[in-house]
Amino acid sequence: MVLANPSGTTAVPITSNDSWSASDSAALYGLDRWGEPYFSVSPRGHVMVQPRGERGGALDLVELVKELQGRDLTLPLLIRFDDILEDRLERLHTAFERAIAQYGYAGRYQGVFPVKCNQQRHVVEQLVETGRRWHFGLEAGSKAELLIALSLLEDPEALLICNGYKDHRYIETAILARRLGRKPVVVIEQADEVERIIAASRDLGGAPLIGIRAKLSSRSTGRWGSSVGERAKFGLSIPDLLATVEALRQADLLDDLRLLHFHIGSQINDIAVLKDALQEAGQIYGELTRLGAPMGYLDVGGGLGIDYDGSRTASAASTNYSLQNYANDVVATVRECCEPHGIAVPTLVSESGRAIASHFSVLVFDVLGAGALPGGVPEPAAGEPLILRNLRDTQAAIVANGSGGAAGREAGDTPAAAPSVERLQEAWNDALKFKDDALAAFRLGYLSLPERARAEQLTWACCQAIASQLETMPAGTAIPEELKALASALAGTYYANLSVFRSAPDTWAIDQLFPVLPIHRLEEQPTRLGSFADLTCDSDGKLARFIDRGHSKPLLELHPLRDGEPYWIGLFLAGAYQEVMGNLHNLFGSTNAVHIRLADGGSYRVDHVVRGDTNAEVLQAMEHDPAQLLERLRLASEAAIGRGSLAISDARRLMAHLKASLEQTTYLEG
Ligand SMILES: *Cc1c(COP(=O)(O)O)cnc(C)c1O
């Protein structure tokens, strides 16, 4: 049996196939495309992690999770591979170093990490430490992030880019940081900020390094396309930019203008957009030097994208360029803008967050159960009402349609057995009509409850028959949306011990796709299609869009659950933005998290353990007092004991459960 996937591009064999191997799974889930070089599948069917990329060393993710569980680190568990973070940073620098050598660029690259991308202390600390050899810096977008950056970044050469809304205190802090021996660059993003910088510099008798954010006319086509470009919230238009230069000149601060910044949005899918922006920014940079600013830095912002689905296309979950292509374009374009005009090339800065932080963390969650819909055709009962017989006939006609049987063939048809999409649509319309009739008849008392149950079962049987007919359609057959959706409705729901809002909010907020797949049983062919529902009692709390080479699909190939055996799912490439934006929806708190380092001899070290929020902690975050809560329930128990409705032993048991629940993480524990 072959199931046409909803995008209609490829067909996925879904019957069990004895020749299935782990490498088939790697291809099916795209691991061999987006996972390179950090994730792969072992012949045993386990996901393997190569935290140092091609430099060797691998960990079996399944064994790792087992051992972490032995340390009482229950699922869902966020596993951060610090080696991957380091490797990403190294790759970024290597790419720029290569490009600089290739194009004979007479300047250097000196990046910064945008703290908003992952504000976890261990993450920022590690990037600062590893980045020291390149004087890698930080970008702050708020006062709180400025505090993080100031406390962690001690390298006097590293840039501390100050973006975001800036009040007097923010600017003064930056000026004082310069006196502390740091390299803060306050980026003017709004026309009125220059006056505040001038005032603060006058008050303190010294200025910060100054940057200007230009509002470019080039816009990204991606998700952030509308928030940048000429109508963007941040950045100076060309007239404002010129006025700012004049204001700085008047205030005798033009000598501190060192940096031009632009940011055309995160996850740039199409490199052509970046090239346009670079050319425009390169020209503006040249103008600023001609106006007398010393300059020296060109900051190309964020936007360096991740190929989440491995399709290497300009689609939303992908990029049509590699890290090396990106570095080459930045270096080559800036050189072309400067050299012909005799302008010294700037030090290149990028604020790449997603590209550095996405790969290093893996979220592993367990499936608590799976619910499939009732299948099969119920036995006919004697004297069945007409409505039920109608449904039976419809189901039989659909089956006959596929086999080219008489019921599905009309005069004048070619005798070929190809099922007709039109007839399927017609049959589906009939089935829906009969189902509605059945519900109406039940409401009016003409149908018994068992009869109504049979009507529903028969409707599902029609649905299943149609879905299996669709599977046999030749590739490229136009299938109406409504029928495609049937396959989704039929699929099993896998209940995940997870809160999507907490752990992968972008899947819900901006339809971001992350690779999701079982981390074991990959040597076994997945024979089910399903999607995930999480623990929150919210209809949006689900994972129901999956990567599919430049497209997305509503269902993922999964395995049937086995009694008494766990089924573990990994969500990959979610190290950027997700942890920070996750909220306390339904009061699900942060998950347990660990930092893993590869050690010599193929083993590993657990560097940090970050325990997930307990129920007591999330309640406190909402200003509930756990002690008071317990006390109120204790009083209620006393009253119930007094009334004789609760035994003393039951009251004790209830209080014990309540206390233990407060101490537990917010997820289900085994
Ligand atoms: C968000 C942001 C970034 C980071 O963008 P990525 O696409 O994650 O690299 C960089 N600079 C600014 C100004 C931002 O707002």
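Residues numbered from 1 in each chain as written. Predicted model: local features only at pLDDT ≥ 70, side-chain atom pairs only at ≥ 80, totals over all residues. Heavy atoms only, no water.

**Q** Looking at this structure, how should I read the overall build of the protein?
**A** The helix and strand tally for the protein stands at 22 helices and 25 strands. With 670 residues in all, the protein has 54% of them scored as buried. Summarising the internal contacts of the protein: among those between residues at least 6 apart in sequence, 75% fall at separations of at least 24. Put simply, the protein shows about 28700 Å² of open surface, and 51% of that area lies on carbon and sulfur atoms. (Helix = DSSP H or I, 4+ residues; strand = E, 2+ residues; numbered from the N terminus. Buried < 20%, exposed > 50% of the residue type's maximum accessible area, 1.4 Å probe, protein only. Contact = heavy atoms within 4.5 Å. Areas by Shrake-Rupley, 256 points an atom, 1.4 Å probe, with all protein chains shown as cover.)

**Q** I'm lost on the packing of helix H10 (residues 271-290) against helix H11 (residues 323-338) in this one. Help?
**A** Helix packing geometry: the angle between the two helix axes and the distance between the axes. Relative to each other, H10 and H11 sit at 30°, their axes nearing to 9 Å. Our classification of the angle between H10 and H11 gives roughly parallel. The hand of the H10/H11 crossing is right-handed. Listed contacts from H11 to Ile271, Leu274, Lys275, Leu278, Gln279, Gly282, Gln283 and Tyr285 of H10 are Asn325, Tyr326, Asp329, Val330, Thr333, Val334, Cys337 and Cys338. Class assignment for the residues of the contact of H10 with H11 results in nine nonpolar, five polar and two charged. (Axes fitted to C-alpha atoms, helices over the stretch in contact; angles between N-to-C directions. Parallel < 35°, antiparallel > 145°, perpendicular 65-115°, else oblique. Left-handed = near helix turned anticlockwise from the far one by under 90°. Nonpolar A, V, L, I, M, F, W, Y, C, P; charged D, E, K, R; others polar.)

**Q** Help me understand the site of the ligand in this model?
**A** Around the ligand, 16 residues are found, and the nearest of them are Lys116, Ser266, Glu351, Gly353 and Tyr577. With respect to the ligand, the backbone of Gly303 contributes an N or O atom lying 2.9 Å from an oxygen atom. Between the ligand and the protein, one listed contact pairs an oxygen atom with a side-chain N or O atom of Tyr577 at 2.5 Å. Taken by itself the ligand offers 390 Å² of open surface, and the protein chains cover 91% of this. (Near = heavy atom within 4 Å. Polar contact = N/O pair within 3.5 Å; in protein donor to acceptor, adjacent residues only side chain to side chain.)

**Q** For this particular structure, what's the right way to read the packing of helix H7 (residues 168-179) against helix H8 (residues 193-204)?
**A** Look at H7 against H8: their axes get within 9 Å of each other, and the N-to-C directions meet at 50°. In terms of orientation, H7 lies oblique with respect to H8. By crossing handedness, the relation of H7 to H8 is classed as right-handed. Contacts between H7 and H8 involve His168, Ile171, Glu172, Ile175, Leu176 and Arg179 on the former and, on the latter, Arg196, Ile197, Ala200, Ser201, Asp203 and Leu204. For the contact of H7 with H8, the class distribution of residues is six nonpolar, two polar and four charged.

**Q** In this structure, what is going on with the sheet that holds strand E14 (residues 347-349)? I would like to understand it.
**A** In sheet architecture, strand pairing relies on hydrogen bonds along the backbone and comes in two forms, parallel and antiparallel. Spatial strand order, E7-E8-E9-E10-E11-E12-E13-E14: eight strands in an open sheet with parallel pairing. Both edges of this open sheet fall to strand E7 (112-114) and E14, since each of them pairs with a single strand only. The average undirected angle you get between the axes of adjacent strands in this sheet is 25°. Bridge count for strand E8 (residues 137-140) against strand E9 (residues 159-162) is three bridges, and the pairing is parallel. Residue pairing across strands places Ala140 opposite Cys162, the latter belonging to E9. Contacting strand E10 (183-188) and strand E11 (209-213), H8 crosses the sheet at an angle of about 140° to E10. Against the sheet, helix H9 (residues 238-250) touches E10, E11 and strand E12 (257-261), its axis set at about 165° to E11. (Pairing = 2+ DSSP bridges.)

**Q** Sorry if this is basic, but what is going on with the pairing of strand E15 (residues 361-371) here?
**A** Two faces belong to every sheet, and in a regular strand the side chains alternate between them. With eight of its eleven residues buried, E15 lies for the most part within the structure. Relative to E15, strand E6 (residues 77-81) is paired through four bridges, and the arrangement is antiparallel. The residue bridging Leu78 from the neighbouring strand is Leu363, located in E15. Note: E15 against strand E23 (residues 568-571), four bridges, orientation antiparallel. In the sheet register, Asp366 faces E23, and the bridge partner there is Trp568. With four bridges connecting them, E15 and strand E16 (residues 492-496) associate as antiparallel partners. If you follow Ala370 over to E16, its bridge partner there is Tyr494.

**Q** Would you mind going over a nonpolar patch on the surface with me for this structure?
**A** A surface patch of nonpolar side chains, about 280 Å² in accessible area, is lined by Leu368, Tyr495 and Leu668. Within the secondary structure, Leu368 sits in strand E15. For Leu368, a relative accessible area of 43% puts it in the partly exposed group. (Patch = residues over 30% accessible without salt bridge, like charges linked within 9 Å, V, L, I, M, F, W, Y side chains within 5 Å. Salt bridge = Lys/Arg side-chain N within 4 Å of Asp/Glu carboxyl O.)

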